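# Report on the structure
The residues making up each chain are set out below.
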Amino acid sequence: MLESRARQLGLRVQLSDPGAGLTRGSIACLHIPLSVPCRAGTLDPRNAPYVISLIDRAIEGCKAGEFAALTTAPVHKGVINDGGIPFVGHTEYLAERTGAAQVVMVLAGGGLRVALATTHLALKDVPRALTREGLERTIRVLHAELIRRFGISAPRILVAGLNPHGGEGGYFGREEIEVIGPVLEKLRAEGLQLTGPLPADTLFVPDRLAAGDCVLAMYHDQGLPVLKYASFGRGINVTLGLPMVRTSADHGTAIELAGTGRAEPGSLIEAVEAAIEMARAEMRTAC
Amino acid sequence: MGLPRIAIATGDPAGIGPEIALKAALASQVKKICRPLLVGDRGAIEAHADACGLEPNLRCVTRAADANWGDGALTLIERRQFKPGELHIGAIAAPHGEAALDSAKTAIDAALAGEVDAVVAAPHTESSIKLAGIEFDGYPTFVARCAGVSPEDAFLMLCFESGGIEMRIAHATLHASLRRAIKLLTRDRVLNAIRSTDSALRRMGVAHPRIAVSGLNPHAGEGGLFGDEEQAIIGPAIADAKKNDVDAEGPFGADVMFLKKGYDAFVVMIHDQGHIMAKTHAFSGAAALTLGTPVLFSSVAHGSALDIAGKNRADPGAIISAIKRLAGTSSAR
């Protein structure tokens, strides 16, 4: 598939087995066969098991120490589900397969890091999903991983409120008072540097951001629009809390561009670079 | 028909409002595109004029209908808000809050009577309005109440410049908890927000407005995987809008929508979808336009700056931008 796609795009490349020595212009490729033949731009649920097997193989390799990190290219969630495999997203799948108790999705780009307290769920389910226990676990993982994976010795986290203006003292919602505030207080008492709950609309101004290493947004669209706008679509996605380093491009499969040669590799390149950096940071902290 | 008549409510008289209102109304670039008139207390405006060394030739009237732009005079719809010695420039006080809203209401009434074509309100000071015991949660609901429109039907559109592009973001819901905002979203409400955006853009001189509409859920629900409001509410509202000859598209994921080019305005579903973008990327602030009422009304992109009031240090740039926008001469797309 990769060879025929390269031919289709007019890219001259030599694929070789990971075991063989690399030569100039060649790329190591661990061969995993398609379930059924595939055509660029055409979704086929019969290849859902193939897509999943790529991820599974990568997980195995990371666990075994064969790979230092995992970077994933976009997958089409709908077609995997159509293929009979329940799949919400890479992040959730990796968490399940590695038995991670709590993972945290972080997006980075344009000089920003934004972690999400809730990820891919309907907005109306977000207030219910936001519990003291869950938020506490999320912040603990985020804090520990900012140290371990990013090499930040004393991470400062800026935590957003859920409601407009951070609830304005309970006037526009009570989650800040009942859920977010108490969790922050508890963890601050343990020495974590947490600011918030902050009104989300003024959280991303430069002065505020300068006082933090990472923003924790309560839901997807609270954190991502600004980041994507600031990074001109070259943001990357990082999953924290897994037994391995995992990064990915922050865009979708863009089926309409497949096979046209018009797809930009920028975000994926950044994702690979970030994975290398994180794997190195981990080696350093481990020493 | 002559140039549009624009009423400038002078805002908190203790802040920089009267100063920037005067500077704007006297600016040749403003007089070229509209017929400005001021609304406020004469003594307060004269005090600011003196402090700034301005000598406006004020013609005081009680009704906008008596305004005259012919002879170089600047018309002031005079409100008697203060007795001599009662105004304290730079201070927070209940009468200042009352005065700011009185000027705004007078200007809105003039627009409702057809005596002016649009209103821009100079900055108010929230704490002075609170001290005055007036319930106030922003201009959209205030304008709606003055106009006899249900506050639910008034929408807020933030307007600002980002990277040389005029961004406009209208909000289908605003100051409600996340839980309540989601309940407030109905097909009618979203349609109403889209149509109000379209009609305001037309009044602002955009001949064929193109509007992008966001979803509510991550990735606009990704085909129903995370939430069904896109399929049950927002999509149908967009289809309704199209039937009404409004060029609306969507629903788009809010995270990628703002990167899209070629739209005159974006409509978002909840406060933070739009406000985070605006507060982050509007380096010189965002002006707030009220949609959904018969009055074309805009605030100014900054506050009343009590600390520099009465010192001739205020820059009228933002109020001039707001006036240009209302007069239909700001750059689109």
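Everything here concerns the structure above.
Worth saying up front: this structure is predicted, and the values here are computed from it rather than measured.

### Comments concerning the overall build of chain B
When you go through chain B residue by residue, the secondary structure sums to 12 helices and 12 strands. For chain B, whose C-alpha radius of gyration is 20 Å, the value lies close to the compact-globule estimate of 20 Å for 333 residues. Each of the three principal axes of chain B carries a C-alpha extent, and together these read 65 × 40 × 35 Å. Every one of the 333 residues in chain B was classed for burial, and the buried ones make up 59%. Put simply, of all contacts in chain B between residues at least 6 apart along the chain, 73% involve residues at least 24 apart. Within chain B, the 37 negative side-chain charges are centred at a point lying 3 Å from the centre of the 34 positive side-chain charges.

### A look at the nonpolar core
Residues Leu216 and Met218 of chain A together with Met269 and Ile319 of chain B are the most contacted members of the largest nonpolar core, which totals 103 residues. When residues no more than four places from it in sequence are discounted, the contact partners of Ile319 of chain B are Ile8, Ile20, Ala21, Ala24, Val120, Ala122 and Val300 of chain B.

### Observations concerning the pairing of strand E8 (residues 214-217) of chain A
Residues and elements named next belong to chain A. The alternating pattern of E8 places Cys214 and Leu216 on one face and Val215 and Ala217 on the opposite face, and all of these are buried. Direction of pairing for strand E5 (residues 112-116) relative to E8: parallel, over a ladder of 3 bridges. Residue Ala115 lies in a different strand from E8, and its bridge partner there is Leu216. As paired strands, strand E6 (residues 156-160) and E8 are joined by 3 bridges and run parallel to one another. Among the inter-strand pairings, Val159 is bridged to a residue of E8, identified as Leu216.

### Details of the side chain of Ser128 of chain B
Its place among the elements puts Ser128 of chain B in helix H5 (residues 126-131). Look past the residues within four positions of Ser128 of chain B in its chain and what remains in contact with it is Asp12, Ala91, Ile92, Ala93, Ala94, His96 and Gly97 of chain B.

### Considering helix H7 (residues 175-189) of chain A
All names here are of chain A. Between its first and last C-alpha, H7 extends 20 Å over 15 residues, near the 21 Å set by a 1.5 Å rise per residue. In the structure, H7 departs most strongly from a straight axis at Gly181, where the bend amounts to approximately 35° and where the proline Pro182 lies between one and four residues downstream. Listed in full, the buried residues belonging to H7 are Glu175, Glu176, Val179, Ile180, Gly181, Val183, Leu184 and Leu187. Directly beyond the C-terminal end of H7, a positive phi value near 105° is found at Gly191.

### Some thoughts on the interface of chain A and chain B
Think of interface size as the accessible area that goes away when the parts come together; that is how it is often given. Each partner contributes to the interface: chain A provides 35 residues, whereas chain B provides 34 residues. With both chains or domains summed, chain A and chain B bury close to 3,100 Å², and 65% of this area falls on carbon and sulfur atoms. Of all residues in chain A, the largest losses of buried area upon contact with chain B belong to Leu123, Asp201 and Tyr229 of chain A, amounting jointly to 23% of the total for that side. Our enumeration of links across chain A and chain B arrives at 6 salt bridges. The tally of links from chain A across to chain B stands at 8 residue pairs in polar contact (both at pLDDT 80 or more).

Procedures and definitions
- Residues numbered from 1 in each chain as written.
- Chains lettered and ligands numbered in written order.
- Predicted model: local features only at pLDDT ≥ 70, side-chain atom pairs only at ≥ 80, totals over all residues.
- Heavy atoms only, no water.
- Helix = DSSP H or I, 4+ residues; strand = E, 2+ residues; numbered from the N terminus.
- Rg over C-alpha atoms; globule rule 2.2 N^0.38 Å.
- Buried < 20%, exposed > 50% of the residue type's maximum accessible area, 1.4 Å probe, protein only.
- Contact = heavy atoms within 4.5 Å.
- Lys, Arg positive; Asp, Glu negative; His and termini not counted.
- Charge placed at Lys NZ, Arg CZ, Asp CG, Glu CD.
- Core = buried A, V, L, I, M, F, W, Y, C linked by side-chain atoms within 4.5 Å.
- Pairing = 2+ DSSP bridges.
- Expected span 1.5 Å × (residues − 1).
- Bend = angle between axes of the 7 residues up to and from the residue.
- Buried area = accessible area lost by both parts, 1.4 Å probe.
- Salt bridge = Lys/Arg side-chain N within 4 Å of Asp/Glu carboxyl O.
- Polar contact = N/O pair within 3.5 Å; in protein donor to acceptor, adjacent residues only side chain to side chain.

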